[in-house]
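Observations on the three-dimensional arrangement
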Amino acid sequence: MLKPLLSPLSLLVLFFFLHCTTTFAQSPAQSPAPSAPTNITSIFEKAGQFTTLIRLLKSTQVGDQLNTQLKNSNQGLTIFAPTDNAFANLKSGTLNSLSDQQKVQLIQFHILPSFLSMSQFQTVSNPVRTQAGDSQSPLNVTTSGNQVNITTGVVNAAVANTIYTDTKLAVYQVDQVLLPLDLFGTPAPAPSKPRKKASDASSSSDDGDNSADSSPAICLNHGGLNVIFFTVSVTAALLLCL
Ligand SMILES: *[C@@H]1O[C@H](CO)[C@@H](O)[C@H](O)[C@H]1NC(C)=O
Ligand SMILES: *[C@@H]1O[C@H](CO)[C@@H](O)[C@H](O)[C@H]1NC(C)=O
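Presented here is an overview of the structure given in this document. A quick note: this is a predicted structure, and the numbers were derived from the prediction, not measured.

**Observations regarding the site of ligand 2**
Taken together, the neighbourhood of ligand 2 is formed by Asn-126, Asn-140, Thr-151, Thr-152 and Gly-153. Take Asn-140: an N or O atom from its side chain is 2.3 Å from an oxygen atom of ligand 2. Coverage of ligand 2 by the protein amounts to 42% of the 360 Å² it exposes when considered alone. Class assignment of the residues belonging to the shell around ligand 2 gives a composition of no nonpolar, 5 polar and no charged.

Here is the structure:
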């Protein structure tokens, strides 16, 4: 009879099979950690009416950068969040006319690299530094009573309310997209090419960090290996059964 031979081998196969399924189950957990205490996109998902902003945060990868920055800096962050309405009120084609680099700049222009509470706006000094960094676009905060406004030289937007705040992150809803002067300064509405480049050539505009992580590829390879294991095991099992 085959029985005595079959059992140890099928145990082996079973072992392989179990090994495979457990590593399979573990693989997703190895992808870059969403374990951060604060996830910026989920704040916007919870708040609703920010689907365009969420899409931009994802496509530009600025969302991931912000989550990392929040974890690693003591300064905190302040985000001005335009609603879907605010984006819808832009001239049609405005977003599509921007290059990827300019989309990154636009989003970063809405972010201050430090935590500012509502009352701190009263004493902030203009122009306020944004994550867009060395751009030639000022972002000024003006207040009157409890009303806080943001002027860029292109738009004057009101801060509507606080969406989220803890000790490190403040997120405020704004009723308009904050258009930076150096991208949208040309009064002619033609949304073709922003020609207003900073006059001095020293501006290092191309400073995007390509920190694309390689973990997904590794996971894939790992998965591939498991598939081979799996196939071998199943084949062995089939052969033994016949
Ligand atoms: C803030 O902006 C609104 C329009 O968005 C305007 O009516 C108001 O006067 C502005 N307030 C200040 C202090 O600039
Ligand atoms: C921003 O504030 C600075 C300093 O007060 C001022 O020189 C500049 O004209 C302001 N720009 C805008 C667009 O309000």
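Having seen it, we continue.
**So, the site of ligand 1**
With respect to spatial proximity, the complete set of residues near ligand 1 consists of Thr-142, Ser-144, Asn-149 and Asn-156. Within the side chain of Asn-149, an N or O atom sits 2.2 Å from an oxygen atom of ligand 1. In this structure, an oxygen atom belonging to ligand 1 sits 3.5 Å away from a side-chain N or O atom of Asn-156. Relative to its unbound accessible surface of 360 Å², ligand 1 loses 51% to contact with the protein. Taken together, the residues of the shell around ligand 1 sort by class into no nonpolar, 4 polar and no charged.

**Side note on the pattern of salt bridges**
What the rule picks out here adds up to 1 salt bridge. Of the charged contacts, one joins Glu-45 and Lys-58 as a salt bridge, the two residues approaching to 3.7 Å between their closest N and O atoms. A residue pair is termed long-range when its members are at least 10 positions apart, and Glu-45 in helix α2 (residues 40-47) and Lys-58 in helix α3 (residues 51-59) qualify at 13 residues. The exposure class assigned to Lys-58 is exposed, which follows from its relative accessible area of 51%.

What counts, and at which threshold
Residues numbered from 1 in each chain as written. Chains lettered and ligands numbered in written order. Predicted model: local features only at pLDDT ≥ 70, side-chain atom pairs only at ≥ 80, totals over all residues. Heavy atoms only, no water. Near = heavy atom within 4 Å. Polar contact = N/O pair within 3.5 Å; in protein donor to acceptor, adjacent residues only side chain to side chain. Areas by Shrake-Rupley, 256 points an atom, 1.4 Å probe, with all protein chains shown as cover. Nonpolar A, V, L, I, M, F, W, Y, C, P; charged D, E, K, R; others polar. Salt bridge = Lys/Arg side-chain N within 4 Å of Asp/Glu carboxyl O. Helix = DSSP H or I, 4+ residues; strand = E, 2+ residues; numbered from the N terminus. Buried < 20%, exposed > 50% of the residue type's maximum accessible area, 1.4 Å probe, protein only.

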